[in-house]
Amino acid sequence: MSSQSKKRALVTGGNKGIGFAICKGLLDTGFDVFLAARDIEKGKDAIAKLSTDNNSVKLIELDITDDESIKNAVSSVSQLTNSLDVLVNNAGIYPDEGVNILTVSRDLLTKTMNTNAFSPIGITQAFISLTDMGGSSAPRTPEQVADTAIWLATKASMIESGKFFRNRTEQPY
Ligand SMILES: NC(=O)c1ccc[n+]([C@@H]2O[C@H](COP(=O)([O-])OP(=O)(O)OC[C@H]3O[C@@H](n4cnc5c(N)ncnc54)[C@H](OP(=O)(O)O)[C@@H]3O)[C@@H](O)[C@H]2O)c1
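Described below are features of the structure shown in this document.

### Description of the nonpolar core
One finds Leu10, Val11, Cys23, Val33, Leu35, Ala36 and Ile60 to be the most contacted residues of the largest nonpolar core, which totals 29 residues. Only β1 (8-11), α1 (17-28), β2 (32-37), β3 (57-61), α3 (67-80), β4 (86-88) and α4 (106-127) provide two or more residues apiece to this core. Apart from residues no more than four positions distant in its own chain, Ile60 is found in contact with Leu10, Phe34, Leu35, Ala36, Ala73, Ser76 and Val77.

See below:
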């Protein structure tokens with residue numbers, strides 16, 4: 001497959017764990033991958049493990065909680081490509097310190113929500129112009145997408161409440 005026809009993905013927190021595995025899996029299926037990492041040295045180590053003569057994996061420095069870092073990352077990616085097919089909002093924290101929702105401090109809750117909830121929204125907003133999500137190039141019409149919402153509101157029984165649906169079919173969490 002030529003580089004131009006290959007799909008391109010950006011994975012946040014790609015230097016380890018699930019993000020690293022996603023980078024590897026996407027490279028194995030023929031994607032060009034932008035591996036985003038907040039720590040440039042950890043990112044370089046990850047790239048060294050993934051890079052081969054037959055794939056394209058590039059390091060992008062990105063702290064998802066830092067606006068300046070996001071701006072620089074968008075600029076770096078834009079210099080390398082004019083479109084992304086996949087954006088994986090993987091980076092996150094899980095401060096497992098024996099706390100639960102009744103005991104978690106406001107500071108820790110704020111930090112966690114900022115990283116895991118608000119930052120992926122900021123990342124999506126920042127990179128949306130490089131993707132084909134929504135707008136005139138969206139693959140389905142507004143009416144096709146609206147069908148399930150209207151069906152849920154009018155015909156689905158109350159037992160369907162609190163679940164995710166696509167095309168009138170329940171989606172797993
Ligand atoms: N593992 C599970 O069982 C599980 C289950 C449900 C959900 N998840 C979620 O799945 C995601 C990945 O989990 P994991 O187990 O692979 O976690 P992990 O091994 O701790 O890796 C987290 C990754 O996110 C990066 N990261 C954290 N904060 C960041 C920030 N502000 N900016 C950029 N990168 C940041 C980390 O970078 P550094 O290396 O620099 O710290 C690391 O690359 C997380 O969002 C996690 O909450 C995991």
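### A word on the environment of Leu10
Position of Leu10 relative to the elements: it lies in strand β1. Those residues within four positions of Leu10 in sequence are excluded, and the remaining contacts are Phe34, Ala36, Ile60, Val77, Leu84, Leu87, Val88 and Phe127.

### Considerations on the sheet that holds β2
Taken together, the 4 strands give an open sheet; going across it, the order is β3-β2-β1-β4, and neighbouring strands pair in parallel fashion. In this open sheet, the two edge strands, each paired with only one partner strand, are β3 and β4. Across the sheet, the axes of successive neighbouring strands diverge by a mean angle of 20°, strand direction being ignored. Of the pairings in the sheet, the one linking β2 to β3 comprises 5 bridges and is parallel in character. Following the sheet pairing, Phe34 is matched in β3 by Lys58. Sheet strands touched by α3: β1, β2 and β3. Its angle to β3, the strand with the most contacts, is close to 150°.

What counts, and at which threshold
- As a convention, each chain's residues are numbered from 1 in the sequence order in which they are written.
- Two thresholds apply to this predicted model, a pLDDT of at least 70 for residue-level local features and 80 or more for giving and counting side-chain atom pairs, whereas whole-chain, interface and lining totals are computed over all residues.
- Throughout this description, the term nonpolar core refers to a group of buried Ala, Val, Leu, Ile, Met, Phe, Trp, Tyr and Cys residues whose C-beta atoms join them within 7 Å.
- With C-beta atoms placed from the backbone, a residue is buried if 20 or more other C-beta atoms are within 10 Å of its own, exposed if 12 or fewer are, and partly exposed between those counts.
- Comment: elements are numbered from the N terminus, with helices defined as DSSP H or I runs of at least four residues and strands as E runs of at least two.
- Contact criterion: two residues are in contact if their C-beta atoms, reconstructed from the backbone, are within 7 Å.
- Whether two strands pair depends on DSSP finding at least two bridges between them.
- In this analysis an axis means a line fitted to C-alpha atoms, helices contributing only their contacting stretch, and an angle means the value between N-to-C directions, from 0 to 180 degrees.

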